[in-house]
Protein chains: 2
Amino acid sequence: MPSIYVFDLDGVLWRGESVVPGAPEAIARLRAAGKRLYFLTNNSSQPRRVYVEKLTRLGMPAQESEIATSASITAAYLQQQGAAGKSVFAVGGPGIHDELGRVGIEVVSVADPEERDLACSYVVVGLDKDFRYETLRRAQQCLLRGATFIATNRDGQYPVEQGVIPGGGSIVAAIATAAEREPLTMGKPEPLGLQLLLQLAGVSPDDAVMVGDRLDTDILCGNRCGVPTALVLTGVGTREQAAAAPPGLAPTRVIATLAEL
Amino acid sequence: MPSIYVFDLDGVLWRGESVVPGAPEAIARLRAAGKRLYFLTNNSSQPRRVYVEKLTRLGMPAQESEIATSASITAAYLQQQGAAGKSVFAVGGPGIHDELGRVGIEVVSVADPEERDLACSYVVVGLDKDFRYETLRRAQQCLLRGATFIATNRDGQYPVEQGVIPGGGSIVAAIATAAEREPLTMGKPEPLGLQLLLQLAGVSPDDAVMVGDRLDTDILCGNRCGVPTALVLTGVGTREQAAAAPPGLAPTRVIATLAEL
């Protein structure tokens, strides 16, 4: 039996502002059975406490230490690399600024005087709704001077009630093209974030299970890390997609709802 | 002997604000010999008259009808497609607005009320120094509604005196990623622009010669169109690069200066 469960959020525990029926009961049952739970999202724009509040509001109380956003994963990775005290040129929302600041990184942005860019060892890029040409130019110049390039995620689209808006991956694409460089990517389906989470939790991949609704992000990420996966049919992915998926994208199990966990 | 010559500009006739030595004499000699000359640039940001003024200032007087920018090529292409009277959502500088307006296209931009986007049959993207997230979102929405996607060029970097700044291709990359669509590209090395120029001039490819300083834009473009090419060594490309180039990138001739034309 797995000792930890890693959950994607949208399509698994909620859809927009609506709780997925049965999710709170499933979460409560796993907690009562002594399982450790983590909640892993590619979204870098909000601080983790926003997820704590939403999970709690929807009947699934959680602690900040159980939440991993692509911004908090990036901060943990940079901390491991010895980046405390160093400067990062950040392209993103409050989630990135908050998480990087918490591990002792100096955050520089387009709002700061340009001379501060010269000290930046890293460029970290996520969804930035204030993105503009000047941000693109300054990120490009940092990268051309040799800064390490990190993307929180490569999602080109970000789902909202009315459809989609541009995601962090579209901003990453602009900067990558302007700098002729490809980033190290933290979010799903890249394995770094989940690997780091397992390492911090002190468990091996086969002691965990990755629960998600998308083959091309959640399931692919679990497979790349050697973590057993469960595709839950309450979101985007279907049983037919799972049956037709090539090995890298095929889930270990398909479950109709979280009650089957 | 070729009857028309198509010249790239930067690295061929000038470098920044300095004329390439011997270029005015070569241009004057070709004109005296009755050759027709065209000047083809991937830059979409300036109206053609800016190039007329610069060529004249540097001792190579030219007419507006001899200049082809990726914006004027885009306008000519759209005119051929019957786009006069239709609306385009334009992401770019005054060059794009000016050229599209001149062929009777309604130009909509992020400065206009968003309801005007609904009428846009095309999204045209070039270098836009006022680019911001809202521009990206509105271009994305037009494309998701089915607008045709046209890039003036895919150059990720734009050379300036101090080095490079982000080029139109970096903005195209953001929009392509957000819309999950690839554009039709007008600029070099794509063949459309040069093909259109030959068609408007009424000559066959082997009656022309393409003169440029870059293998991966000018020479590749000429080769794709079946136009004989001359790599001039006054810019970026070298004799060694030409000798090592695969067939698609290999120029027909390598010339030290335009005096050899």
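Residues numbered from 1 in each chain as written. Chains lettered and ligands numbered in written order. Predicted model: local features only at pLDDT ≥ 70, side-chain atom pairs only at ≥ 80, totals over all residues. Heavy atoms only, no water.

**Some points on the domain arrangement of chain A**
Residue and element names in this part refer to chain A. Each assigned domain of chain A is listed with its residue range as follows: domain 1 (4-42 + 189-260) and domain 2 (83-185). Placing the centre of domain 1 and that of domain 2 at their C-alpha centroids yields a distance of 27 Å. The interface of domain 1 with domain 2 comprises five residues on the first partner and five residues on the second. Regarding the contact of domain 1 and domain 2, the summed buried area is about 430 Å², with carbon and sulfur atoms giving 51% of it. At the junction of domain 1 and domain 2, the tally comes to zero salt bridges. Run the count over domain 1 and domain 2 and you get two residue pairs in polar contact (both at pLDDT 80 or more). Looking at the side of domain 1 that touches domain 2 residue by residue, the class counts come to one nonpolar, two polar and two charged. (Domains from an automatic or database assignment. Contact = heavy atoms within 4.5 Å. Buried area = accessible area lost by both parts, 1.4 Å probe. Salt bridge = Lys/Arg side-chain N within 4 Å of Asp/Glu carboxyl O. Polar contact = N/O pair within 3.5 Å; in protein donor to acceptor, adjacent residues only side chain to side chain. Nonpolar A, V, L, I, M, F, W, Y, C, P; charged D, E, K, R; others polar.)

**Focus: the pairing of strand β9 (residues 148-151) of chain A**
Residue and element names in this part refer to chain A. Bridge analysis of strand β8 (residues 120-125) against β9 gives four bridges, and the strand direction is parallel. The partner of V123 across the bridge, within β9, is F149. Where the polypeptide runs from β8 across helix α5 (residues 133-144) and back to β9, its parallel neighbour, the crossover connection is right-handed. Relative to strand β12 (residues 184-185), β9 is paired through two bridges, and the arrangement is parallel. Within β12, the residue paired with I150 across the bridge is L184. (Pairing = 2+ DSSP bridges. Helix = DSSP H or I, 4+ residues; strand = E, 2+ residues; numbered from the N terminus. Right-handed = clockwise from strand over helix to strand, strands pointing away.)

**Section: the environment of B:L9**
Looking at the element boundaries, B:L9 is found in the loop between β1 (4-7) and β2 (14-15). Residues within four places of B:L9 in sequence aside, it is in contact with B:W14, B:F39, B:L40, B:T41, B:Y51 and B:L55.

**A short note on the sheet that holds strand β12 (residues 184-185) of chain B**
All names here are of chain B. Spatial ordering of the open sheet is given by β7-β6-β8-β9-β12, a layout of five strands whose pairing is parallel. Across the chains shown, the open sheet's two edge strands, defined by having one partner strand only, are β7 (106-108) and β12. Where strand β6 (residues 87-91) lies against β7, three bridges are found, and the strand directions are parallel. Along β7, the bridge assignment pairs F89 with V108. Sitting on the sheet, helix α5 (residues 133-144) is in contact with β6, β8 (120-125) and β9 (148-151), with an inclination near 145° to β6. (Axes fitted to C-alpha atoms, helices over the stretch in contact; angles between N-to-C directions.)

**Points about the UniProt feature "binding site: substrate" (unreviewed entry) in chain A**
Residues and elements named next belong to chain A. When the UniProt feature table is mapped onto this chain, "binding site: substrate" (unreviewed entry) is found at K188. Mapped onto the elements of the fold, K188 is located in the loop between β12 and α7 (192-201). Judged by relative accessible area, K188 falls into the buried class, the value being 4%. With near-sequence residues (within four places) excluded, K188 lies in contact with D8, L40, T41, N42, D155, M210, T217, D218 and C221. (UniProt positions renumbered as here; feature names shortened; annotations may be inferred. Buried < 20%, exposed > 50% of the residue type's maximum accessible area, 1.4 Å probe, protein only.)

**Let's talk about the environment of A:P183**
Residues and elements named next belong to chain A. Positionally, P183 belongs in the loop between α6 (168-179) and β12. You can call P183 buried: its relative accessible area is 13%. Residues P183 and A151 lie 32 residues apart in sequence; the distance between their C-alpha atoms is 5.8 Å. Residues within four places of P183 in sequence aside, it is in contact with F149, I150, A151, R154 and V172.

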